[in-house]
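Next come the chains, spelled out residue by residue.
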Amino acid sequence: MSNIEFTLKIPSLPYRISWLFAGLIAGYLASLAGIQSVQLILLLAILSGISGNWSS
Amino acid sequence: MAGTIAPVVYRDITSRKLNWMMSAFYYTLGSIVGGGLTGLLVAYVGRFALFGLDYLRSIAPFFVGLSAILYALHEMGILSMPHFQRKKQVPSHWRYRFHPYVTAGLYGLMLGAGFMTFIPTTSYIILVLAASFSGSLITGLLILSVFGAARALPLWISGFAVKTIEGWDNITSYVHITKPIMRQINGLGLAMIGVGVMLVA
């Protein structure tokens, strides 16, 4: 039996929007740094694969 | 992950580490192969079905990037986008039908393919779009093979870190309660990739 009993709420809208802008800025910086599209997609593949374990 | 794969791999983890490692290896192998085959399939479809029209190739980066940003909004709960998924778990009866190594490999194959089970985050959809619009079978293979390998990665980390069945239960609980955070992280990643792909192209 698990002994973890706390819960996490969905973050507030301003908080979520700030994360969105952080992502947009990071993407802009990545393009300035000369990172290729394929490299970005592979980065997303790693993130997606790991988070794929957060399944129902 | 833990809830599905743990029954295959943890049962001997305390006393028979080698058996667990073999199961985890076959799971990882299956996951990479499943992802790779899916990547080949969608890239093949994209290459031979969609690219009869050359103008599609020129707008592909913009389309993939824009889709990534829209799905970033979806992950952050700001906008609702279609979330295609087959809402199925891997068949639990395989654990009793097959040898544990075979079961682990088959589970890896299904989960690595992605579309055959639940898809918790929509970044997978962007990967499929990118693979199909890449116009290259090798690129499609690479993208979803990496997805498959990454899908198996947490199993190795948690497998070495966790020594007891109670530990697995705790991990399952952590996975459940951190879902909102994981979706935020995916949203951030999607926004980043969306802008990056559009600007780099």
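Values in this document were obtained by computation on a predicted structure and should not be read as measured data. (Residues numbered from 1 in each chain as written. Chains lettered and ligands numbered in written order. Predicted model: local features only at pLDDT ≥ 70, side-chain atom pairs only at ≥ 80, totals over all residues.)

Turning next to the overall build of chain B. Along chain B, the regular secondary structure elements total nine helices and zero strands. Tracing chain B from N to C terminus, the helices and strands come up as α-α-α-α-α-α-α-α-α. The burial tally for chain B puts 50% of its 201 residues in the buried class. Expressed as a percentage of contacts within chain B between residues at least 6 apart in sequence, the contacts between residues at least 24 apart total 83%. (Helix = DSSP H or I, 4+ residues; strand = E, 2+ residues; numbered from the N terminus. Buried ≥ 20, exposed ≤ 12 C-beta atoms within 10 Å, placed from the backbone. Contact = placed C-beta atoms within 7 Å.)

A word on the overall build of chain A. When you go through chain A residue by residue, the secondary structure sums to two helices and zero strands. Looking at the 56 residues of chain A, the share that counts as buried comes to 36%.

The next thing to look at is the nonpolar core. Counting residues in hydrophobic clusters, the biggest one holds 44 residues, and the most contacted among them are Ile41 and Ala45 of chain A together with Ala68, Ile126, Leu127 and Ile143 of chain B. Of all elements in the fold, only helix H1 (13-32) and helix H2 (37-51) of chain A together with helix H2 (17-50), helix H3 (54-75), helix H6 (123-133), helix H7 (137-161) and helix H9 (179-200) of chain B reach the threshold of two or more residues within this core. Per-element tally for this core: the top contributor is H9 of chain B, with ten residues. Beyond its immediate sequence surroundings of up to four residues, Ala68 of chain B is in contact with Ile126, Leu190, Ile193, Gly194 and Val197 of chain B. One finds Ala24, Tyr27, Tyr107 and Met110 of chain B within the second-largest nonpolar core, a separate group that totals 13 residues. (Core = buried A, V, L, I, M, F, W, Y, C linked by C-beta atoms within 7 Å.)

A word on the interface of chain B and chain A. Counting residues at the interface gives 53 residues for chain B and 40 residues for chain A. The set of elements that each furnish at least two residues to the side of chain B that touches chain A consists of H3, H6, H7, helix H8 (165-177) and H9 of chain B. At 20 residues, the largest contribution of residues to the side of chain B that touches chain A is made by H9 of chain B. Residue classes in the side of chain B that touches chain A are distributed as 35 nonpolar, 15 polar and three charged. (Nonpolar A, V, L, I, M, F, W, Y, C, P; charged D, E, K, R; others polar.)

On to H2 of chain A. An α-helical segment advances 3.6 residues per turn. Residues three or four places apart therefore align on the same side. Residues and elements named next belong to chain A. For H2, with 15 residues, the first-to-last C-alpha span of 21 Å sits near the 21 Å given by 1.5 Å per residue. Of all the 15 residues making up H2, eleven are buried; the element is thus mostly covered by neighbouring parts of the structure. Of all the positions in H2, only Ser37, Leu40, Ile41, Leu42, Leu44, Ala45, Leu47, Ser48, Gly49, Ile50 and Ser51 are classed as buried. (Expected span 1.5 Å × (residues − 1).)

Now for the packing of H2 of chain B against H7 of chain B. A pair of packed helices is captured by two measures, namely the crossing angle of their axes and the spacing between those axes. Residue and element names in this part refer to chain B. H7 packs onto H2 with a crossing angle of 155 degrees between their chain directions and a minimal axis gap of 7 Å. Between H2 and H7, the crossing angle belongs to the class labelled roughly antiparallel. By crossing handedness, the relation of H2 to H7 is classed as right-handed. Considered class by class, the residues forming the contact of H2 with H7 number 17 nonpolar, twelve polar and two charged. (Axes fitted to C-alpha atoms, helices over the stretch in contact; angles between N-to-C directions. Parallel < 35°, antiparallel > 145°, perpendicular 65-115°, else oblique. Left-handed = near helix turned anticlockwise from the far one by under 90°.)

For the rest of this paragraph, the subject is the packing of H1 of chain A against H9 of chain B. Packing of H1 of chain A against H9 of chain B leaves a shortest axis separation of 7 Å and a crossing angle of 35 degrees. As for the relative orientation of H1 of chain A and H9 of chain B, their crossing is right-handed in sense.

With that settled, the discussion passes to the confidence of the model for chain B. The pLDDT averaged across chain B works out to 84; a share of 90% of its residues lies at or above 70. Our summary of model confidence lists the complex with pTM equal to 0.87 and ipTM equal to 0.87. (pLDDT = per-residue confidence, 0-100.)

A few words now on the environment of Phe63 of chain B. Residues and elements named next belong to chain B. Within the secondary structure layout, Phe63 lies in helix H3. By C-beta crowding, Phe63 is classed as partly exposed, having 15 other C-beta atoms within 10 Å. C-alpha separation for the pair Phe63 and Ser92, spaced 29 residues apart in sequence, amounts to 38 Å.

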